[in-house]
Amino acid sequence: MNNIMSFTILMFLIIDPIGNLPIFMSILKDMEQKKRNFIIFREMILALLAMFFFLFASKKILEILNLKSETISISGGIVLFIIAMKMIFPSKNGNAIGLKKGEEPFLVPLAIPLIAGPSILATLISLSQKYPKQILDLCISLLISWVLSLIVLMMSGTLFRILGKKGFSALEKIMGLLFVMISMQMILEGAKVYMNNY
């Protein structure tokens with residue numbers, strides 16, 4: 001049970017639905033509530049399929065690419081660290097999403113890479129290699145974190161009204177600080193395994 005809770009918290013933080021809320025709202029702001037909710041649900045389903053694929057196919061992916069699990073851990077940690085830095089020190093130009101006004105997104109950029117981004121995919125590969133006998137726990141944790149993320153995104157309008165722009169900015173920076181710690185842990189664990197093996 002403790003593992004499920006730890007995995008769930010980790011995955012929820014990396015998926016970062018709260019940090020992604022402003023981007024989702026920016027893309028979907030010109031759409032009706034019903035259509036907005038449909039698009040969010042559809043993109044979340046696509047993201048979930050991508051995440052489960054990487055969770056179960058991680059061994060094959062590593063074999064095909066001839067990668068070690070510690071490589072995934074270190075590279076995932078580096079990517080996560082870069083994302084954390086952008087959250088703590090956001091660009092003045094905001095997020096470039098590459099969509100025209102009113103254009104309906106499909107798969108990109110909401111499902112991939114905002115939800116099923118490189119950090120969560122690398123984390124899933126790393127966890128599946130580190131805990132091969134706890135795949136069921138990982139699946140349950142992924143589903144729980146996905147449901148929580150879906151609820152947060154569905155409540156985007158309400159949460160934004162409660163927290164306001166400054167509240168969201170502060171919350172995103174706090175999430176960024178947590179990301180820094182998680183990313184450093186991933187890098188250190190990967191480096192430790194590498195040093196022990198070589």
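What you see is a predicted model, and the numbers here were worked out from it, not measured in a lab.

**Q** Before we move on, could you go through the packing of helix 1 (residues 2–15) against helix 9 (residues 156–197) and cite the residues and values that matter?
**A** Look at helix 1 against helix 9: their axes get within 10 Å of each other, and the N-to-C directions meet at 120°. Between helix 1 and helix 9, the crossing angle belongs to the class labelled oblique. When you trace helix 1 past helix 9, the crossing you get is left-handed. Taking contact as the criterion, the partners of Leu10, Leu13 and Ile14 in helix 1 are, on helix 9, Met175, Leu178, Phe179 and Ile182.

**Q** Help me get a handle on the packing of aromatic side chains, residues and values and all.
**A** Tallied over the entire structure, the rule returns three aromatic pairs. When the centroid spacing of 5.7 Å and the interplanar angle of 85° are considered together, the rings of phenylalanine 53 and phenylalanine 54 count as edge-to-face. What makes phenylalanine 54 partly exposed here is its relative accessible area of 24%.

**Q** I'd like a rundown of the nonpolar core, residues and numbers included.
**A** The nonpolar side chains of soluble globular proteins are, as a tendency, buried together. Ranked by size, the top nonpolar core spans 49 residues in total, and within it Met11, Phe24, Leu28, Met51, Ile115, Ile120 and Leu142 carry the most contacts. Broken down by secondary-structure element, the contributors of at least two residues to this core are helix 1, helix 2 (17–28), helix 3 (33–56), helix 5 (69–88), helix 6 (110–115), helix 7 (118–130), helix 8 (135–154) and helix 9. No other element matches helix 3, which puts nine residues into this core. In contact with leucine 28, other than residues within four places in its own chain, are Arg36, Ile39, Ile40, Pro105 and Leu110.

**Q** Would you mind going over helix 8 in detail, with residue names and values included?
**A** Given a rise of 1.5 Å per residue, 20 residues ought to cover 28 Å, and the 28 Å separating the end C-alpha atoms of helix 8 matches this to within 8%. By the burial criterion, the buried members of helix 8 are Leu138, Cys139, Ser141, Leu142, Ser145, Trp146, Ser149, Leu150, Val152 and Leu153.

**Q** Outline the side chain of serine 141, supporting the account with residue identities and numerical values.
**A** Looking at the element boundaries, serine 141 is found in helix 8. What makes serine 141 buried here is its relative accessible area of 0%. Setting aside anything within four residues of it in sequence, one finds serine 141 in contact with Asn3, Ile4, Phe7, Thr8 and Met11.

**Q** Tell me about the side chain of serine 128, and please be specific about residues and values.
**A** Inspection of the secondary structure puts serine 128 in helix 7. Given the relative accessible area of 6%, serine 128 is considered buried.

**Q** Could you give an account of the confidence of the model for the protein, with specific residues and numbers?
**A** Regions with low pLDDT should not have their predicted coordinates read in detail. Scored by pLDDT, the protein has a mean of 82; 92% of the residues are at 70 or more. Averaged pLDDT values over the elements of the protein bottom out at 77 in helix 5 and peak at 96 in helix 8. This stretch, residues 94–98, has a pLDDT under 50; its non-local contacts, to residues over four places away or in other chains, come to four contacts.

**Q** Could you give an account of helix 9, with specific residues and numbers?
**A** Taking 1.5 Å as the rise per residue, helix 9 with 42 residues should run 62 Å; its terminal C-alpha atoms sit only 46 Å apart, a clear shortfall. Its maximal kink placed at glycine 164, helix 9 deviates by approximately 95°. Among all positions of helix 9, only Ser156, Gly164, Phe168, Met175, Gly176, Phe179, Val180, Ile182, Ser183, Met186 and Gly190 are buried.

**Q** Kindly report on the packing of helix 3 against helix 8, identifying the contributing residues and their values.
**A** Closest axis-to-axis distance for the helix 3/helix 8 pair is 11 Å, and the angle between their directions is 160°. In terms of orientation, helix 3 lies roughly antiparallel with respect to helix 8. You can see that helix 3 and helix 8 cross each other, and the crossing is right-handed. Residues Asn37, Ile40, Phe41, Met44, Ile45, Leu48, Met51, Phe52, Leu55 and Phe56 of helix 3 form the contact with helix 8, whose participating residues are Ile135, Leu138, Cys139, Leu142, Leu143, Trp146, Ser149, Leu150, Leu153 and Met154. For the contact of helix 3 with helix 8, the residue count by class is 18 nonpolar, two polar and no charged.

The rules behind these values
Residues numbered from 1 in each chain as written. Predicted model: local features only at pLDDT ≥ 70, side-chain atom pairs only at ≥ 80, totals over all residues. Heavy atoms only, no water. Axes fitted to C-alpha atoms, helices over the stretch in contact; angles between N-to-C directions. Helix = DSSP H or I, 4+ residues; strand = E, 2+ residues; numbered from the N terminus. Parallel < 35°, antiparallel > 145°, perpendicular 65-115°, else oblique. Left-handed = near helix turned anticlockwise from the far one by under 90°. Contact = heavy atoms within 4.5 Å. Phe/Tyr/Trp six-rings, centres within 6.5 Å; stacked < 30°, edge-to-face > 60°. Buried < 20%, exposed > 50% of the residue type's maximum accessible area, 1.4 Å probe, protein only. Core = buried A, V, L, I, M, F, W, Y, C linked by side-chain atoms within 4.5 Å. Expected span 1.5 Å × (residues − 1). pLDDT = per-residue confidence, 0-100. Bend = angle between axes of the 7 residues up to and from the residue. Nonpolar A, V, L, I, M, F, W, Y, C, P; charged D, E, K, R; others polar.

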